Amino acid sequence: MKEALQAILTKAQEQLRAAGDLKALDEIRVAVLGKKGELTGILKSMGKLSPEERPVIGQLANEVRSQIEALLEERIAEVKEEELSRRLQAEQLDVTLPGQRRPLGKKHPLTQVLDEVKEIFLGMGFSVVQGPEVELDYYNFEALNLPKDHPARDTQDTFYITDRVLLRTQTSGVQVRVMEKQKPPIRAISPGRVYRSDAVDATHSPLFHQIEGLVVDKGVTMADLKGTLEIFVKHLYGNDTVVRFRPHHFPFTEPSAEMDAQCFACHGEGCRLCKGEGWIEILGCGMVHPKVLRGCGIDPEEYSGFAFGIGLERIVMRNFNIDDLRLFYENDLRFLSQF
Ligand code: DAH
């Protein structure tokens, strides 16, 4: 029996040392120490031994068991260690590989310039207000001195939702909304989308953007209008920008004007950018009509004001030398990523 135990020990040791993974080690454990294992078999048959032999063989069997158990534990630890280092090797990270770049988005050119314009007016103490794009005829036309049969309405045909509700053709209606709510002094700009039922081409779109401006206070004059707008353009295009005011007509301002900036490409000579004119139209403006003030509950004897409306697309096109308005709305990354 001694020999048998010795043989079990030697065989188990060899097998344990040769086993390469946890599964193989466990199979050996079951085969030797399990319920039906070789060593267990020997212990079960101890009954057949003589009383003198029994303690000797019993002790030897226990030693064999604890030696096998100790080796088993050792091998389990070693195999685990080996498996870990194998995995670490296999899953090694190359920290020197270049990372995956996420393409960074950026602001649309219209938003970039709008932000710049807002910054300039905020710096002059204006606040930024919003008005509705679906607007009442009253605010878009009537309250701006454009009654139902006014011929100037023809140039601003739009999308009517009902007889009284339409998509606004201009941001000027926000002037009225602001004056109804707020008493002077007022200094506000209101950027936003406007709509006209124009056919799409390189310079027309049924949707475009305007920035409205309004100043109302005691003693506001045309000089304030000119000074404010000149400062705005100089911030936008540089200190050496030359501007001119041309008389014009808008029903809601009197007098009215259009402001041009001298072409910054040719300095008035006339070139492709300014279409040979030497000047670039920037905005419409004027002194708020007394009728409009009165309609909003502001006494024109006490207060006066000026207003202006900037076409955003036009100045962005000139800024970036873009010759087709449609590019702004097509969301083609080949276009947008250039700005
Ligand atoms: N709303 C005008 C347009 O769409 C632009 C404009 C002109 C706005 C004069 C004004 C203004 O506030 O005073 O053509």
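Calculation rules
- Residues numbered from 1 in each chain as written.
- Predicted model: local features only at pLDDT ≥ 70, side-chain atom pairs only at ≥ 80, totals over all residues.
- Heavy atoms only, no water.
- Near = heavy atom within 4 Å.
- Polar contact = N/O pair within 3.5 Å; in protein donor to acceptor, adjacent residues only side chain to side chain.
- Nonpolar A, V, L, I, M, F, W, Y, C, P; charged D, E, K, R; others polar.
- Axes fitted to C-alpha atoms, helices over the stretch in contact; angles between N-to-C directions.
- Helix = DSSP H or I, 4+ residues; strand = E, 2+ residues; numbered from the N terminus.
- Parallel < 35°, antiparallel > 145°, perpendicular 65-115°, else oblique.
- Left-handed = near helix turned anticlockwise from the far one by under 90°.
- Contact = heavy atoms within 4.5 Å.
- Core = buried A, V, L, I, M, F, W, Y, C linked by side-chain atoms within 4.5 Å.
- Buried < 20%, exposed > 50% of the residue type's maximum accessible area, 1.4 Å probe, protein only.
- Expected span 1.5 Å × (residues − 1).
- Pairing = 2+ DSSP bridges.
- Phe/Tyr/Trp six-rings, centres within 6.5 Å; stacked < 30°, edge-to-face > 60°.
- Salt bridge = Lys/Arg side-chain N within 4 Å of Asp/Glu carboxyl O.

*Asks:* Would you mind showing me how to read the site of the ligand here?
*Replies:* Around the ligand there are 15 residues in total, and Q170, S172, Q175, Q210 and E212 lie nearest to it. Contact between the ligand and Q175: an oxygen atom at 2.9 Å from a side-chain N or O atom of the residue. Between R196 and the ligand, the recorded distance is 3.0 Å, taken from a side-chain N or O atom to an oxygen atom. The residue makeup of the shell around the ligand, split by class, is 5 nonpolar, 8 polar and 2 charged.

*Asks:* Quick question: what am I supposed to make of the packing of helix α5 (residues 109-123) against helix α8 (residues 222-237) here?
*Replies:* To describe two helices that pack against each other, one gives the angle between their axes and the distance between the axes. With their axes 10 Å apart at the nearest point, α5 and α8 run at an angle of 135° to one another. Relative to α8, the element α5 lies oblique. Crossing of α5 against α8: the hand is right-handed. When α5 is examined against α8, the residues E116, V117, I120 and F121 are found in contact with a partner set consisting of T228, F232, H235 and L236.

*Asks:* Is there a simple way to explain the nonpolar core in this structure?
*Replies:* Buried together is how nonpolar side chains tend to be arranged in soluble globular proteins. Counting 44 residues, the largest nonpolar core has F121, F232, I282, L283, F308 and I315 as its most contacted members. Counting only elements with at least two residues in this core, the list comes to α5, β5 (207-217), α8, β7 (253-262), β8 (279-288), β9 (304-311), α10 (312-320) and α11 (333-336). When sequence neighbours within four positions are dropped, the list of residues in contact with F308 reads F121, F126, I189, I211, E212, G213, L214, L229, L283, G284 and C285.

*Asks:* Got a minute to help me understand helix α2 (residues 22-33) in this structure?
*Replies:* Given 3.6 residues per helical turn, the α-helix brings residues three or four places apart onto the same face. Here α2 spans 16 Å end to end across 12 residues, near enough to the 16 Å set by a 1.5 Å rise per residue. Contacts made by the buried residues of α2 are with α1 (2-18), α3 (38-44) and α4 (53-90). For α2, the N-terminal cap is D21; the gap from its side-chain oxygen to the backbone nitrogen of K23 is 3.1 Å.

*Asks:* Hey, could you run me through the sheet that holds β5 in this one?
*Replies:* By definition, the strands of a sheet pair up through backbone hydrogen bonds, in either a parallel or an antiparallel sense. The strand order across the open sheet built from 7 strands is β1-β4-β5-β9-β8-β7-β6, with neighbouring strands paired in mixed fashion. Since the sheet does not close on itself, it has two edges, and those belong to β1 (127-128) and β6 (243-250), each with one partner. Two elements, β8 and β9, share 5 bridges in a ladder whose sense is antiparallel. Pairing of L283 across the sheet is with I310, part of β9. Contacting β6, β7, β8 and β9, α8 crosses the sheet at an angle of about 150° to β8. Of the strands in this sheet, β5, β8 and β9 are in contact with α10, which crosses β9 at around 55°.

*Asks:* It is not clear to me how the packing of α1 against α2 should be interpreted in this structure. Could you clarify?
*Replies:* One can describe the packing of α1 onto α2 by two numbers: an axis separation of 10 Å at closest approach and a directional angle of 170°. In terms of axis orientation, α1 runs roughly antiparallel to α2. Where α1 approaches α2, its residues I8, A12, Q15 and L16 are matched on the opposing element by L25, I28 and V32. For the contact of α1 with α2, the class distribution of residues is 6 nonpolar, 1 polar and no charged.

*Asks:* It is not clear to me how the packing of aromatic side chains should be interpreted in this structure. Could you clarify?
*Replies:* For any pair of aromatic rings, geometry is given as the distance between the ring centres together with the angle between the planes. On inspection of all chains with the given rule, the structure shows 11 aromatic pairs. Here F121 and F308 contribute two aromatic rings whose centre-to-centre distance is 5.3 Å and whose plane-to-plane angle is 20°, an arrangement assigned as stacked. In this pair, F121 is assigned in helix α5 and F308 in strand β9, connecting sequence segments 187 residues apart. Looking at F121, the relative accessible area reads 0%, which means it is buried.

*Asks:* Explain the pairing of β5 here, please?
*Replies:* Residues in a regular strand point their side chains to alternate faces of the sheet. Within β5, 9 of the 11 residues are buried, leaving the element largely enclosed by the surrounding structure. Both strand β4 (residues 186-195) and β5 contribute to a ladder of 10 bridges, which runs antiparallel. Bridge pairing in β5 links P191 to I211. With 8 bridges connecting them, β5 and β9 associate as antiparallel partners. Counterpart to I211 in the pairing with β9 is I310.

*Asks:* What is the right way to read the environment of S256 from this model?
*Replies:* Here S256 lies in strand β7. By relative accessible area, S256 is classed as buried at 7%. Considered as a pair, S256 and L214 are 42 residues apart in the sequence and their alpha carbons are 14 Å apart. Beyond its immediate sequence surroundings of up to four residues, S256 is in contact with R246, P247, H248, H249, F250, C285 and G286. Polar side-chain contacts of S256 include one of 3.3 Å to the backbone nitrogen of F250.

*Asks:* Explanation requested: the pattern of salt bridges in the structure shown.
*Replies:* Once the charged atoms of two side chains with opposite charge are near each other, the side chains can pair. Considering all chains together, one arrives at 20 salt bridges under this definition. Its salt-bridge partner being E302, residue K218 comes within 3.5 Å of it at the nearest N-O pair. Pair noted here: K218 is in the loop between β5 and α8 and E302 is in the loop between α9 (290-295) and β9, with a separation of 84 residues, a long-range link. For D260, the salt bridge goes to R246, with nearest N and O atoms at 2.8 Å. With a gap of 14 residues between them, D260 in strand β7 and R246 in strand β6 connect regions that are remote in the sequence. Given the relative accessible area of 27%, R246 is considered partly exposed.

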